[in-house]
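# Working through the structure, step by step
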Amino acid sequence: MAHDASRHPPHSHDEDQLYWFPDGPMTILVGARRWLVHSSAAFWFPAGVVHAVEPVGAGTTHSIYSSARLRPAGERWTRPGAIFCTPLMAELVRYTTSGSLTPSTRTACHALLSELVQHTQEERASLMVPTHPVARTLAERVLADPRDDTSLADAARGAGISERTLVRAFVTETGQGFTQWRAEARLVSSLSLLASGLPVGAVAERVGYRTTSGYIDAFRKTYGTTPAAHARASTR
């Protein structure tokens with residue numbers, strides 16, 4: 001089904017859910033784990049997992065529900081996570097949530113979508129966000145302005161806590177040290193800027209890179225393509 005984007009407080013479903021917000025990023029909260037998810041990614045919620053969703057901005061969200069008996073094989077699908085929404089998957093999701101399908105057509109679409117999801121890569125356009133109050137404040141500063149270069153030591157000093165506590169919060173809650181997390185946050189933030197048509201050099205500057213070449217190299221290492229190629233693909 002498709003709905004106008006709106007915030008959903010903590011809830012769960014009896015069925016597996018594939019959730020996609022193609023019109024912008026969204027934040028996802030599952031227990032103590034928090035993600036920022038770019039529009040190129042859909043989010044997978046196994047049945048029974050309590051989660052909250054908040055699209056960032058207006059648009060249309062798409063949800064597809066299916067029985068847990070039909071989920072793809074493998075441990076990966078027993079836990080929530082973001083997956084890359086390929087162009088074919090995107091069109092199939094839009095078609096399936098159009099609301100005008102016969103039961104047999106909808107069943108066929110769900111079967112094809114399950115096959116596509118099975119072979120989809122986990123998406124690097126999502127980012128774990130810490131929930132520790134000070135770490136989260138620092139993370140949100142970076143997300144609001146990727147050029148922000150506040151150090152971990154300065155953030156800890158300003159909050160009256162030890163730097164070690166803040167280091168531990170990032171590693172425990174995101175799986176990354178702060179420097180690595182900020183580098184990834186800058187790349188994730190750049191995706192929507194590229195999709196908006198902003199030149200690569202301007203995007204590099206907006207997300208905190210001193211040189212365009214440094215941004216291009218980091219982008220290629222993470223996503224396996226160049227920013228320009230990604231921008232062209234996102235507008236097809």
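This write-up is about the structure you can find in this document. (Residues numbered from 1 in each chain as written. Predicted model: local features only at pLDDT ≥ 70, side-chain atom pairs only at ≥ 80, totals over all residues. Heavy atoms only, no water.)

## Considering the pattern of salt bridges
Under the defined criterion, the tally for this structure stands at 10 salt bridges. Of the charged contacts, one joins R79 and E75 as a salt bridge, the two residues approaching to 3.5 Å between their closest N and O atoms. For E75, a relative accessible area of 53% gives the class exposed. With a closest N to O distance of 3.1 Å, D148 and R141 form a salt bridge. A relative accessible area of 14% places D148 in the buried class. (Salt bridge = Lys/Arg side-chain N within 4 Å of Asp/Glu carboxyl O. Buried < 20%, exposed > 50% of the residue type's maximum accessible area, 1.4 Å probe, protein only.)

## A few points about the layout of surface pockets
Within this model, the second largest pocket holds a volume of roughly 450 Å³. P25, L36, L143, A144 and S189 are, among the 19 residues lining the second largest pocket, the residues nearest its centre. Considering every element that reaches the lining of the second largest pocket, the biggest residue donor is helix α6 (residues 178–195), with four residues. (1 Å grid on protein atoms, 1.4 Å probe; cavity = no way out; pocket = protein on both sides within 12 Å on 5 of 7 lines; lining within 4 Å. Points joined across faces, edges and corners; volume = space filled by probe spheres on them. Helix = DSSP H or I, 4+ residues; strand = E, 2+ residues; numbered from the N terminus.)

## Thoughts on helix α3 (residues 133–144)
In an α-helix, one turn spans 3.6 residues; hence positions three or four apart end up facing the same way. Here α3 contains 12 residues, and its C-alpha end-to-end distance of 16 Å stays within 8% of the 16 Å for a straight helix at 1.5 Å per residue. Taken as a whole, α3 has its buried residues at V134, A135, L138, A139 and V142. Summarising the axial view, the buried residues of α3 lie within an arc of 135°, below the 170-degree limit, and thus occupy one face. More than 90 degrees from the buried face of α3, the exposed residues found are P133 and A144. Buried residues along α3 sit against β10 (126–129), α4 (152–159), α5 (163–174) and α6. (Expected span 1.5 Å × (residues − 1). Arc of directions from axis to C-beta. Contact = heavy atoms within 4.5 Å.)

## Considering the packing of aromatic side chains
Per the counting criterion, the structure on display carries eight aromatic pairs. Considering the side-chain rings of W35 and F43, the 5.0 Å spacing of their centres and the 70° angle between planes classify their relative orientation as edge-to-face. Just as W35 is buried, F43 falls in that class too. Here the aromatic residues Y209, Y215, F219 and Y223 are joined through ring pairs into a cluster of three or more. (Phe/Tyr/Trp six-rings, centres within 6.5 Å; stacked < 30°, edge-to-face > 60°.)

## With respect to the packing of α3 against α5
One can describe the packing of α3 onto α5 by two numbers: an axis separation of 9 Å at closest approach and a directional angle of 75°. By the angle class used here, α3 and α5 are roughly perpendicular. Residue-level inspection shows V134, A135, L138 and A139 of α3 in contact with α5, the latter providing L166, A169 and F170. Grouping the amino acids of the contact of α3 with α5 by side-chain chemistry returns seven nonpolar, no polar and no charged. (Axes fitted to C-alpha atoms, helices over the stretch in contact; angles between N-to-C directions. Parallel < 35°, antiparallel > 145°, perpendicular 65-115°, else oblique. Nonpolar A, V, L, I, M, F, W, Y, C, P; charged D, E, K, R; others polar.)

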